[in-house]
Amino acid sequence: MSLPREVTPSAVRGGAFVFVSGLTAVDPATGEAIRGTTAIETQRILENLKLILAAAGSSLERVVKVNVLVHSMLEAPNMNEIYARFFPEPPPARTVCGARLADGAKVMIECTALAPDDDR
């Protein structure tokens, strides 16, 4: 299932990289925000990120840097449990920070991935 363009920020190609801006949890079919536990939101965000990267010709395996914002650093272990399922060893470089997020979101994730190997 692909995400509606009006629902998600697009991935932007910059040279050898694909940049995906901060994602919060949304239902890919409706575009409605999903609010739940940190683990539930992390799962949805990473599933959506996988779709966005695929649409840009990249993949989770090509991610080189991830920035994660969580509403409380006490929730970092809950986020990490899900995150590790999507990024097995060795994972990409990552920064995790606590932050007050808009609209009741518990997690926001952005990343940089290698672009597809082509002549664009």
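Refer to the preceding data block for the structure.
Since we're looking at a predicted model, the values are computed, not measured.

Definitions and cut-offs
- Residues numbered from 1 in each chain as written.
- Predicted model: local features only at pLDDT ≥ 70, side-chain atom pairs only at ≥ 80, totals over all residues.
- Heavy atoms only, no water.
- Helix = DSSP H or I, 4+ residues; strand = E, 2+ residues; numbered from the N terminus.
- Buried < 20%, exposed > 50% of the residue type's maximum accessible area, 1.4 Å probe, protein only.
- Expected span 1.5 Å × (residues − 1).
- Contact = heavy atoms within 4.5 Å.
- Pairing = 2+ DSSP bridges.
- Axes fitted to C-alpha atoms, helices over the stretch in contact; angles between N-to-C directions.
- Salt bridge = Lys/Arg side-chain N within 4 Å of Asp/Glu carboxyl O.

Draft legend 1. Broad picture of unusual backbone geometry. Of note, the amide linkage connecting E89 to P90 takes the cis form, showing an omega dihedral of -15 degrees. If you trace the backbone, P90 turns up in the loop between α2 (76-86) and β4 (93-98). Although it is not a glycine, D103 sits at a positive phi angle of roughly 60 degrees. Turning to its location among the elements, D103 is positioned in the loop between β4 and β5 (107-114). We classify D103 as exposed; its relative accessible area is 70%.

Draft legend 2. Representation of helix α1 (residues 38-55) within the structure. Helix length check: α1, at 18 residues, gives a terminal C-alpha distance of 26 Å against a target of 26 Å (1.5 Å per residue), a fit within 8%. All of the buried residues in α1 are T38, E41, T42, R44, I45, L46, N48, L49, I52 and L53. On its buried face, α1 sits against β1 (11-14), β2 (17-23), β3 (63-70), α2 and β5. G57 occupies a position one or two residues after α1 and carries a positive phi of about 85 degrees.

Draft legend 3. Examining the sheet that holds β5 more closely. Spatial ordering of the open sheet is given by β1-β2-β5-β3-β4, a layout of five strands whose pairing is mixed. Each of the sheet's edge strands pairs with one partner strand only, and the pair in question is β1 and β4. Taking each pair of neighbouring strands and ignoring which way they run, the sheet shows an average axis angle of 15 degrees. Bridge count between β2 and β5: five bridges; the pairing is antiparallel. For V18, the partnering residue across the bridge sits in β5 and is A113. Strand contacts of α2: β3 and β4, with the helix running at about 155 degrees to β4, the strand carrying the most contacts.

Draft legend 4. Spotlight on the pattern of salt bridges. Enumeration according to the criterion identifies three salt bridges in this entry. The shortest N-O distance in the salt bridge between E47 and R44 comes to 3.1 Å. Residue E47 and its partner R44 are located together in helix α1, separated by three residues, close to a single helical turn. Among the residues examined, R44 registers a relative accessible area of 18% and is labelled buried. One salt bridge in this structure joins R85 and E81, with 3.3 Å as the shortest N-O distance. Of this pair, R85 and E81 both sit in helix α2, four residues apart, which is roughly one turn of the helix. Of the residues examined, R85 reaches a relative accessible area of 53% and is grouped as exposed.

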